[in-house]
Amino acid sequence: MKKIILIIVAVIIVLYAFKQFVYKPYTLRKAINNPEHKLQLGSFVFSKQRGANGSQSMQNYYFIFKVIEINADYVRLSVIRQLSDKDKLQQSDFSTTKDAFKDLKDTIQHITPILPKDLYKEGASFTLNDYLLDKYPSLKKSRFYYEDVKLDTNAPEYFSLVYSKKEILKSGKLVPWILNNSDKPELAERLSEDVDLILN
């Protein structure tokens, strides 16, 4: 009986590994050839990552990004977030819920690009206020937004949320370029996250 259980467990592990490391990257590479899922400026990138929840257990975290720049192998992303209502803060880690992650795959629209400095106007960071509504009327349709550093030509360029285009296309992973005690960027494969979907 124990032997049968071990065989079943081993088969489940093999099937899971096949799905994660062979099938999913294959289907993503195949989908990228479709214009609807091709990686390009303006694409939405859906990503799931596994991480600790602060109580010695693991959970899934769901992120949605907007591609705001592609330069050679550098792909700069910006996190899709939701502005909080007054006195009702959203999740502080900027991940989204599993339900919102699933729903936005079908309904993603009305995502407003916002200058990072505007999010701190009127003393309420990341909260919907009259200033933002006046400057960005599209927020009346949806509180979802992303920080578009490319809108501000005077802002300093920070080397963050920059990923390898080659790794996205080849392995279906977000592998970040980082500056690690050097002026020369290097790939940090240990910090990679899985791409779940690319959508235009």
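Our structure's up above, just so we're on the same page.
Predicted model only: the values in this text are computed from it and were never measured.

**Structural notes on the overall build of the protein**
Part 1 of the reasoning: In terms of helices and strands, the protein carries four helices and eleven strands.
Part 2 of the reasoning: The buried share among the 200 residues of the protein stands at 37%.
Part 3 of the reasoning: Taking the contacts inside the protein whose residues are at least 6 apart along the sequence as the reference set, 60% of them involve residues at least 24 apart.
Part 4 of the reasoning: As presented, the protein carries roughly 12,800 Å² of accessible surface, and 55% of it is formed by carbon and sulfur atoms.

**Details of the sheet that holds strand 4 (residues 81-82)**
Part 1 of the reasoning: Here we have three strands laid out as an open sheet, ordered 4-6-5, and mixed in their pairing. A single partner strand is all that each edge strand has here, and the edge strands are strand 4 and strand 5 (112-114).

**Here's the deal with the pattern of salt bridges**
Part 1 of the reasoning: This structure, assessed with the given rule, holds seven salt bridges.
Part 2 of the reasoning: A salt bridge links R76 to E69, with the shortest nitrogen-to-oxygen separation between them at 2.9 Å. Take R76 and E69: they sit in the same class, and that class is buried.
Part 3 of the reasoning: For E167, the salt bridge identified is with K170, shortest N-O distance 3.6 Å. Pair noted here: E167 and K170 are both in helix 4 (residues 165-171), with a separation of three residues, about one helical turn.

**Remarks on helix 2 (residues 98-107)**
Part 1 of the reasoning: Looking at helix 2, one finds that the buried residues are A100, F101 and L104. For helix 2, the angular spread of buried residues about the axis comes to 100°, placing them on one side. Turned more than 90 degrees off the buried face of helix 2, the exposed positions are K98, D99, K102 and D106.

**Focus: the packing of aromatic side chains**
Part 1 of the reasoning: All chains considered together, the criterion is met by five aromatic pairs.
Part 2 of the reasoning: Ring geometry for Y62 and F101: centres 5.0 Å apart, planes at 50°, overall tilted. In this pair, Y62 sits in strand 2 (residues 58-71) while F101 sits in helix 2, placing the two residues 39 residues apart along the sequence. You'll find Y62 and F101 in the same group, each marked buried.
Part 3 of the reasoning: Each residue in the set F46, Y62 and F101 is aromatic and connected to the rest through ring pairs, giving one cluster.

**Side note on the environment of Y136**
Part 1 of the reasoning: Relative to the helices and strands, Y136 is located in the loop between helix 3 (130-135) and strand 6 (144-147).
Part 2 of the reasoning: On the basis of relative accessibility, which here comes to 10%, the residue Y136 falls in the buried class.

**Focus on the environment of S84**
Part 1 of the reasoning: The topology assignment puts S84 in the loop between strand 4 and helix 2.
Part 2 of the reasoning: It is 9.3 Å that separates the C-alpha atoms of S84 and N129, two residues lying 45 residues apart in sequence.

Scoring rules and cut-offs
Residues numbered from 1 in each chain as written. Predicted model: local features only at pLDDT ≥ 70, side-chain atom pairs only at ≥ 80, totals over all residues. Heavy atoms only, no water. Helix = DSSP H or I, 4+ residues; strand = E, 2+ residues; numbered from the N terminus. Buried < 20%, exposed > 50% of the residue type's maximum accessible area, 1.4 Å probe, protein only. Contact = heavy atoms within 4.5 Å. Areas by Shrake-Rupley, 256 points an atom, 1.4 Å probe, with all protein chains shown as cover. Pairing = 2+ DSSP bridges. Salt bridge = Lys/Arg side-chain N within 4 Å of Asp/Glu carboxyl O. Arc of directions from axis to C-beta. Phe/Tyr/Trp six-rings, centres within 6.5 Å; stacked < 30°, edge-to-face > 60°.

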